[in-house]
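Architecture at a glance
Chain by chain, the residues run as shown.
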Amino acid sequence: MIQLGREITSDLKIASSREWLVTNGIGGYAAGTVAGLFTRRYHGLLIAALTPPLERTLLLSKLEEAALYNGELFDLSTNQWADGSVTPQGYRYIEQFELEGTVPCWRYALADALLEKRVWMQQGENTTYIHYQLRRGSGPVALSVKALINYRDHHSQTHSHQWQMQTQSVAQGIRIKANETATPFYLLVSQGGLVTQHHWYQGFELGLEQYRGLDDQDNHLHITTLEVVLNPGDSLTVVASTQPHANLDGATALLERRFYEEMIRGELDVTPASPMPQWIQQLALAADQFIVNRPLAEEPEGKTVIAGYPWFGDWGRDTMISLPGLTISTGRPRIARTIIRTFARYLDQGMLPNVFPEVGKLPDYNTVDAILWYFEAIRIYTAATQDNELLEELFPSLVRVIDWHRQGTRYQIHVDIDGLLYGGEEGAQLTWMDAKIGDWVVTPRTGKPIEINALWYNALRSMERFAQQLGQPQQVYRDMAQLMLEGFQRFWQPTQGYCADVLDGPQGDDLTLRPNQIFAVSLPLVAGATDYPALLTKEQQQAVVETCGRYLLTSHGLRSLSLDDPQYQGAYGGDQVKRDSRYHQGTVWGWLLGPYVQAHYRVYKNPQQALALLNPIANHLQTHGLGSISEIFDGDPPFYPRGCFAQAWSVAEILRAWMDISQQQS
């Protein structure tokens, strides 16, 4: 699916903008560029989740390879330094890069010799495999591999060059301890001996950190060197792990990884009317990368969702938005069930947490919509599985959630007299448009945001349905939904021909043209896709889709603000203040393309047209985060990808839209 030739790999600017990702299912990952040079502090071959799924720590930074063949030295590594120089320039020898499932594979052409390199992780372990194989050659290749290591939080950088790490020889490798309290880790090899070194490489230039206005240099420690001779057909496996023992048979370890990915593909058991394109199958593999373990004392098999790689953790809102696409759409409802039960443990005052802190602190409950997306996740799950046992287990908690919203909970979140849901107070950012710079909330949206109320109506109708399924009283939810059905018409602005973004804010109603109104058409229990009345008339729904299409739609998602708004910002970048001030002021969000496509289908009933809107994503998988979908894009053409190179809800919502519409065709 993802295959790049010399037209990409030999162009340093392009090859260093293509990023690969492998993960281990517990929050650890490895990531880098096709060119092989660092551009982010988050690049490395083993970023271990020491307290899964968090406390992610860079251990193995990279392997610097050089090959001696027929008397000629081929330096295969690529580095950019603080003085701007690029040396060595090993990217020039990359004949082809391919993503085999999620396993990156480089093919280095050394005259008539061909050396392959693959990287993957062991599922469920902080273990990375780097496997080399000499595919062809007229003689042996002497391969020198220098291991560069670190021991730092993945958000940080290392400027020390005096730091002494402890090493100890073990069978087929070395044990490394960064300091007395550090978790030890191991470098193991299938053949050859490791010669211990202790030399700091200083001044790696991180181009993307510079673009983001952040500290843009890093140092890494050369800890050991491996020298081996490979004859044609020979292979070498290097393993970096927090485990003292590993399978050093790279071929069998790779087969295990491939078997795991075939299992994921095999769970795509839906039968859409048209053949499933390869890029959708690739997205199913990408979806799995975000699903990780979150073990709890009372839920040891608990799971959650990493919101985005490389820097996000597991967030309540992102998890609930992503859950249906990552699990139900990919034929993995048992994982959905586990995530739903895991998060039930965190319900508090009718809310779900937005952010889980890295270490030791209590979760933050500063979100109005995570709990509302939770209702939608449960609705989709139970509709797919008919799992009344789980529904019966959760129902009392869901009743209490509704009660908390009626009586009022944190941040003035409460049901107003018109039936609409109000939320917010000074200094708080409660919706998904949550950028905050110091005390400045860029888009506070205090009042009655439109998507929050569409979700609230959806939750009330879901509760009505749940109560009916379980033989519980349902009239209270029907009455609440009916009241807000009447109040919701206040959002419609006939003069503008679209919906207000927020009602009853501190400065009155906010008529800014934003994409949040699309949920008043895309959510199924909101748009009259069932027996329940729709929040908007058919004419209003069509006007919303047309307006969003005219002013907000791009190839990769919806703009967060209309391009003719005076506050519109078409390019995302700069330091944190500049980036956060533009985050929701015109920047394109990939996840919103899914709801837009579903709304388009709901209005026009044309599956071919709706699915065609997703086609540009197939091309996007070849750029930025290879095989995945970016978090955001510039609002102006050519809509350059920005932010996280792999974002859970972007992948999930595209998958869900494609699957839902394809199934309805059949």
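Structural data are supplied above this passage.
Here is a short report on the structure shown in this document.

Cut-offs and rules
Residues numbered from 1 in each chain as written. Predicted model: local features only at pLDDT ≥ 70, side-chain atom pairs only at ≥ 80, totals over all residues. Heavy atoms only, no water. 1 Å grid on protein atoms, 1.4 Å probe; cavity = no way out; pocket = protein on both sides within 12 Å on 5 of 7 lines; lining within 4 Å. Points joined across faces, edges and corners; volume = space filled by probe spheres on them. Helix = DSSP H or I, 4+ residues; strand = E, 2+ residues; numbered from the N terminus. Nonpolar A, V, L, I, M, F, W, Y, C, P; charged D, E, K, R; others polar. Expected span 1.5 Å × (residues − 1). Bend = angle between axes of the 7 residues up to and from the residue. Buried < 20%, exposed > 50% of the residue type's maximum accessible area, 1.4 Å probe, protein only. Pairing = 2+ DSSP bridges. Core = buried A, V, L, I, M, F, W, Y, C linked by side-chain atoms within 4.5 Å. Axes fitted to C-alpha atoms, helices over the stretch in contact; angles between N-to-C directions. Left-handed = near helix turned anticlockwise from the far one by under 90°. Contact = heavy atoms within 4.5 Å. Parallel < 35°, antiparallel > 145°, perpendicular 65-115°, else oblique. Phe/Tyr/Trp six-rings, centres within 6.5 Å; stacked < 30°, edge-to-face > 60°. Lys NZ or Arg CZ within 6 Å of the ring centre and 35° of its normal.

Summary: where empty space remains is shown by rolling a probe the size of a single water molecule over the atoms. Applying the stated criterion across every chain yields a total of 4 cavities of 30 Å³ or more. Taken as a whole, the largest cavity spans an internal volume of roughly 240 Å³. Taken together, 24 residues form the lining of the largest cavity, with Trp20, Thr33, Gly36, Lys62 and Lys117 sitting closest to its centre. At the level of elements, β3 (29-33), β4 (44-51), β5 (54-69), β10 (103-110) and β11 (113-121) are the ones that each hand at least two residues to the lining of the largest cavity. Residues of the lining of the largest cavity, tallied by class, amount to 13 nonpolar, 8 polar and 3 charged.

Here helix α6 (residues 316-328) is 13 residues long and its end C-alpha atoms lie 18 Å apart, about the 18 Å a rise of 1.5 Å per residue gives. Where α6 bends most, the angle comes to about 45 degrees, and this point is Ser322, followed within four residues by the proline Pro324. Burial analysis of α6 places 13 of its 13 residues in the buried class, the great majority of the element.

Strand order in the open sheet formed by 3 strands is β27-β30-β31, with antiparallel pairing between adjacent strands. Of all strands in the sheet, those with a lone pairing partner are β27 (448-449) and β31 (508-510), marking the two edges. Pairing of β27 with strand β30 (residues 502-505) involves 2 bridges; the strand directions are antiparallel. Bridge pairing links Lys448 to Leu503 in β30.

Judged by nonpolar contacts, the single largest core of 202 residues is most densely connected at Leu60, Trp279, Leu283 and Tyr374. Take this core: its biggest share by element is 12 residues, from helix α10 (residues 450-470). Judged by nonpolar contacts, the second largest core, of 9 residues, contains Val103, Leu188, Ala253 and Leu254.

This brings us to the pairing of β4. Here β4 lies mainly inside the structure; 7 of its 8 residues are buried. Two strands pair when backbone bridges link them, and β3 and β4 are joined in this way by 2 bridges, in the antiparallel orientation. Bridged to Tyr29 within β4 is Ile47. One ladder, built from 5 bridges, connects β4 with β5; its direction is antiparallel. Bridge pairing in β5 places Ala49 opposite Arg56. Adjacent in sequence and paired antiparallel, β4 and β5 are bridged by 2 residues.

With 10 of 13 residues buried, strand β13 (residues 141-153) is to be regarded as a mostly interior element. Sheet topology places β5 next to β13; 11 bridges connect them, and they run antiparallel. By the bridge assignment for β13, Tyr69 is matched with Val141.

Where α6 meets helix α18 (residues 648-665), the closest approach of the two axes is 7 Å, and the angle between their N-to-C directions is 35 degrees. Here α6 runs over α18; the crossing is left-handed. Side by side, α6 and α18 meet where Arg317, Asp318, Ile321, Ser322, Pro324, Gly325 and Leu326 of the first sit next to Ala648, Trp649, Val651, Ala652, Glu653, Leu655 and Arg656 of the second. Tallied by class, the residues present in the contact of α6 with α18 amount to 8 nonpolar, 2 polar and 4 charged.

At a minimum axis separation of 9 Å, helix α8 (residues 370-385) and α10 run at an interaxial angle of 45 degrees. The angle between the axes of α8 and α10 places the two elements in the oblique class. Between α8 and α10 the crossing geometry is left-handed. Between α8 and α10, the residues in contact are Leu372, Trp373, Phe375, Glu376, Ile378, Arg379 and Thr382 and Ile452, Leu455, Trp456, Asn458, Ala459, Ser462, Met463, Arg465 and Phe466, respectively.

The subject of this paragraph is unusual backbone geometry. Geometrically, the link from Pro52 to Pro53 is a cis peptide bond, its omega value of 5 degrees lying close to zero. Here Pro53 shows up in the loop between β4 and β5. The residue after Tyr309, namely Pro310, is reached through a cis peptide bond having omega 15 degrees. Tracing the chain through its elements places Pro310 in the loop between β22 (308-309) and α6. Backbone geometry at Gln172 places phi at a positive 60 degrees, although glycine is not the residue there. Note on placement: Gln172 falls in the loop between β14 (166-170) and β15 (173-177). We classify Gln172 as partly exposed; its relative accessible area is 47%. Its identity as a non-glycine residue notwithstanding, Gln386 has a phi of 55 degrees, on the positive side. One can find Gln386 in the loop between α8 and α9 (388-407). Overall, the relative accessible area of 55% leaves Gln386 in the exposed class.

Looking now at the environment of Phe38. Positionally, Phe38 belongs in the loop between β3 and β4. The exposure class assigned to Phe38 is buried, which follows from its relative accessible area of 6%. In this structure, the C-alpha to C-alpha distance between Phe38 and Leu58, residues 20 residues apart in sequence, is 13 Å. Those residues in contact with Phe38, other than ones at most four positions away along the chain, are His43, Ser61, Lys62, Phe204, Glu205, Leu206 and His220.

Another point: the packing of aromatic side chains. Within this structure, the stated rule accounts for 25 aromatic pairs. Judged by centre distance (5.7 Å) and plane angle (85 degrees), the ring pair of Trp20 and Trp106 falls under edge-to-face. You can see Trp20 sitting in strand β2 (residues 19-23) and its partner Trp106 sitting in strand β10, a full 86 residues away along the chain. Exposure class is identical for Trp20 and Trp106. Each is buried. On the numbers, 5.3 Å between centres and 80 degrees between planes, the contact of Phe38 with Phe204 is edge-to-face. Residue Phe38 is located in the loop between β3 and β4, and its partner Phe204 is located in strand β17 (residues 194-205); the two are separated by 166 residues in the primary sequence. Comparing Phe38 with Phe204, the two get one shared label, buried. Joined through ring pairs, the aromatic side chains of Trp373, Trp432, Phe519, Tyr572, Tyr583, Trp589, Trp591 and Trp649 make up one cluster. Geometry around Phe38 places Lys62 over its ring, the cationic atom sitting 5.0 Å from the centre.

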